[in-house]
Amino acid sequence: MDLKLIRKTTRLVGLTLLLVGSAFAQATPGTVYVSSEKDDALTMIDLATLTVKGTIATCKRGRHLQLTPDRKLMLACSDSGVADLIDPATGQSLRRIPLGDDPEAFDLSPDGKTIYVSSEDDASAVFVDAATGKKLKEVKVGQEPEGVKVSADGKVLYVTSEVASLVHAIDTASGKIIKNIKVGKRPRRMAITPDGKELWVTCELDSGVTIVSTADHSVLATLKFEVKGARAQDITPVGIQMSRDGKRAYVALGRANHVAFVDVPARKVSDLVLVGRRAWNVALDKDEKRLFVVNGLSDDLTIIDVPGAKAIKTVPVGRVPYGVVVVE
C-alpha cells in the first residue's frame, strides 16, 4: 500500500476517534444540575472539577427537578405551568408537558408514564399522562398541597398539605384517599426508607420530621432538630434524602443554615454541617461521598464531604436556586 495513503488513513482514523471520544466525553454524565427561580435556567456543575461549566435555558421559575426512569431531566416551571423534559446528553429540551397552574413539586410513577403534581391553587393532586400531557385524575386534598412522593410499587401517592398539616395517602389506581395523616406544622417534603416501611416528612414550622408507618399510616415518632444559637422558629426543615442503605437521612434545615445528618434507626442527629443561607434541597452523588446543598438566599451550592461531615466548597449558581439533581 502507498505510504502516503497509509499516513492519510491513519490521520483520518485518529481524527474520527478523537471526535467520537470528544462527543462521548460531552455526553458522559458527570454533572450537578441546579434549578433557579429567577434566571429561567439550569446551572451545570462539573463533578470532576466542582466548577460551573455552563447553563441551560429553560421555562419560567424552575423549581422541583428530578430524573425520569429513562434518565432525562424533568423540571417543573411554576410561572410557565409546564414540565420541561431535558436530555442531559445534549442539553436540549425534548418537549414541554402541561402541568396546570403554578406547579411546584411532582413525582413520577415507577414506569415514568404518569406525573403526579401538586396544584396549590386548586388544593388538589393532579395525575398527568407524561406522553400526552392529558389530565387523568384530580384528587381534592388540603389547602396548599406541595410535597409529592410515590411508593416504590407505585400503589400509594403521598401529598403534603401545608395549611392543614396533613399528609394525604392516595390510592393511585382509584384516586381515592386512603387516609389523612396528621403530622407537624407545614409539612413540605418526604422520603421513604429503602425497605418501604417508613415515610419521613419534613415539617417546616415544627422544626422537625414526622415519621409515619406506611403499613397503617400511623405516626411512629417525631424528631425535633436543635441548632446551637438558632431559635426554634428559624429551624425550618424542607429538603430530605435517604442513603441507599437507609441508615442515614440528610435534612436541609432552611433558615438555620445547616444540614442535619440523621441516624435513621436511632432517630437522632449525628452531625450538623454549616452551609449557606436558607438550606433548601439536597442531593447525594452516586458514591454517597458528597452531598450537594442548594442555598436559596445566598444563591449558591454547598458541597459537603459526607465521611468527614464538613463543607468543602461553595459554588455560586443562579438566583434563588431551588432544586438539585446529580447525573453520573
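Every value quoted in this text rests on a predicted model; they were computed, and no experiment measured them.

A short note on the overall build of the protein chain
And step 1. A count of helices and strands for the protein chain gives 1 helix and 28 strands.
And step 2. Taken over the C-alpha trace, the protein chain has a radius of gyration of 21 Å; the compact-globule value for 328 residues is 20 Å, and the two agree within 12%.
And step 3. Projected onto the principal axes, the alpha-carbon positions of the protein chain cover approximately 80 × 45 × 35 Å.
And step 4. Looking at the 328 residues of the protein chain, the share that counts as buried comes to 54%.
And step 5. A total accessible area of about 14,900 Å² is found for the protein chain, and carbon and sulfur atoms account for 52% of it.
And step 6. Computed over 45 positive and 41 negative side-chain charges, the separation of the two mean positions in the protein chain equals 3 Å.

Here's the deal with the sheet that holds strand S28 (residues 321–327)
And step 1. Reading across the sheet, the 4 strands line up as S3-S2-S1-S28 and stay open at both edges, with antiparallel pairing between neighbours. Whereas interior strands pair on both sides, the edge strands pair on one side only; in this sheet they are strand S3 (52–57) and S28. Averaged over neighbouring strand pairs, the angle between their axes works out to 25° when direction is ignored.
And step 2. Note that strand S1 (residues 31–36) and strand S2 (residues 41–46) share 5 bridges and pair antiparallel. In the sheet register, Tyr33 faces S2, and the bridge partner there is Met44.

Considering the state of the cysteines
And step 1. Taken as a whole and judged by the stated rule, the model has 1 disulfide.
And step 2. Between the sulfur of Cys59 and that of Cys77 lies a disulfide, 2.0 Å long from S to S. An S-S torsion of about 65° defines the bridge between Cys59 and Cys77 as right-handed. With Cys59 in the loop between S3 and strand S4 (62–67) and Cys77 in strand S5 (residues 73–77), the pair connects residues that are 18 residues apart, well separated along the chain. When sorted by exposure, Cys59 lands in the same class as Cys77, which is buried.

Digging into the pairing of S4
And step 1. Of all 6 residues that make up S4, 5 are buried, and the element is covered over most of its length.
And step 2. As paired elements, S4 and S5 share 4 bridges and run antiparallel to each other. Each residue of the ladder has a partner; that of Gly62, found in S5, is Cys77.
And step 3. Between S4 and S5, which pair antiparallel and follow one another directly, the connecting turn spans 5 residues, one of which, Arg71, has a positive phi of 65°.

Here we look at the nonpolar core
And step 1. Among the nonpolar cores identified, the biggest contains 18 residues, and Trp200, Phe225, Leu253 and Val262 are the most heavily contacted of them.
And step 2. Elements with a minimum of two residues in this core: strand S18 (208–213), strand S19 (219–224), strand S20 (240–242), strand S21 (248–252) and strand S22 (258–263).
And step 3. Aside from chain neighbours lying at most four places away, what touches Phe225 is Ser207, Gly208, Val209, Ile235, Pro237, Val251, Leu253, Ala260, Val262 and Val269.

A few points about the sheet that holds strand S11 (residues 135–140)
And step 1. Judged by pairing direction, the sheet is antiparallel, and its 4 strands sit side by side in the order S8-S9-S10-S11 without closing on themselves. The open sheet is flanked by strand S8 (103–108) and S11, the only strands paired with a single partner. Averaged over all pairs of adjacent strands, the angle between their axes in this sheet comes to 25°, without regard to strand direction.
And step 2. Across 4 bridges, the pairing between S8 and strand S9 (residues 114–119) is antiparallel. By the bridge assignment, Asp107 is partnered in S9 with Tyr116.

Let's talk about the packing of aromatic side chains
And step 1. Enumeration over the complete set of coordinates arrives at 3 aromatic pairs.
And step 2. Relative to Phe127, the ring of Tyr116 lies with its centre 4.8 Å away and its plane at 90°, an arrangement referred to as edge-to-face. A residue pair is termed long-range when its members are at least 10 positions apart, and Tyr116 in strand S9 and Phe127 in strand S10 (residues 124–129) qualify at 11 residues.
And step 3. When its relative accessible area of 3% is taken as the criterion, Phe127 is described as buried.
And step 4. With a centroid separation of 4.9 Å and 80° between ring planes, the pair formed by Tyr250 and Phe261 is classed as edge-to-face. With Tyr250 in strand S21 and Phe261 in strand S22, the pair connects residues that are 11 residues apart, well separated along the chain.
And step 5. Classification of Phe261 as buried rests on a relative accessible area of 0%.

Focus: unusual backbone geometry
And step 1. Backbone geometry places Arg61, a non-glycine residue, at a positive phi of 60°.
And step 2. Tracing the backbone shows Arg61 in the loop between S3 and S4.
And step 3. Of note, the phi angle at Ala123 is positive, near 50°, even though the residue is not glycine.
And step 4. If you trace the backbone, Ala123 turns up in the loop between S9 and S10.

A word on the layout of surface pockets
And step 1. By volume, the largest pocket is sized at about 1,500 Å³.
And step 2. Lining the largest pocket we find 46 residues, and of these Gln66, Asp107, Lys149, Gln241 and Met242 sit closest to its centre.
And step 3. When residues of the lining of the largest pocket are traced back to their parent elements, those giving at least two are S4, S8, strand S12 (145–150), strand S13 (156–161), strand S16 (187–192), S20, strand S24 (279–284) and S28.
And step 4. The residue makeup of the lining of the largest pocket, split by class, is 23 nonpolar, 13 polar and 10 charged.

What counts and what doesn't
Residues numbered from 1 in each chain as written. Predicted model: local features only at pLDDT ≥ 70, side-chain atom pairs only at ≥ 80, totals over all residues. Heavy atoms only, no water. Helix = DSSP H or I, 4+ residues; strand = E, 2+ residues; numbered from the N terminus. Rg over C-alpha atoms; globule rule 2.2 N^0.38 Å. Buried < 20%, exposed > 50% of the residue type's maximum accessible area, 1.4 Å probe, protein only. Areas by Shrake-Rupley, 256 points an atom, 1.4 Å probe, with all protein chains shown as cover. Lys, Arg positive; Asp, Glu negative; His and termini not counted. Charge placed at Lys NZ, Arg CZ, Asp CG, Glu CD. Pairing = 2+ DSSP bridges. Axes fitted to C-alpha atoms, helices over the stretch in contact; angles between N-to-C directions. Disulfide = S-S within 2.5 Å. Core = buried A, V, L, I, M, F, W, Y, C linked by side-chain atoms within 4.5 Å. Contact = heavy atoms within 4.5 Å. Phe/Tyr/Trp six-rings, centres within 6.5 Å; stacked < 30°, edge-to-face > 60°. 1 Å grid on protein atoms, 1.4 Å probe; cavity = no way out; pocket = protein on both sides within 12 Å on 5 of 7 lines; lining within 4 Å. Points joined across faces, edges and corners; volume = space filled by probe spheres on them. Nonpolar A, V, L, I, M, F, W, Y, C, P; charged D, E, K, R; others polar.

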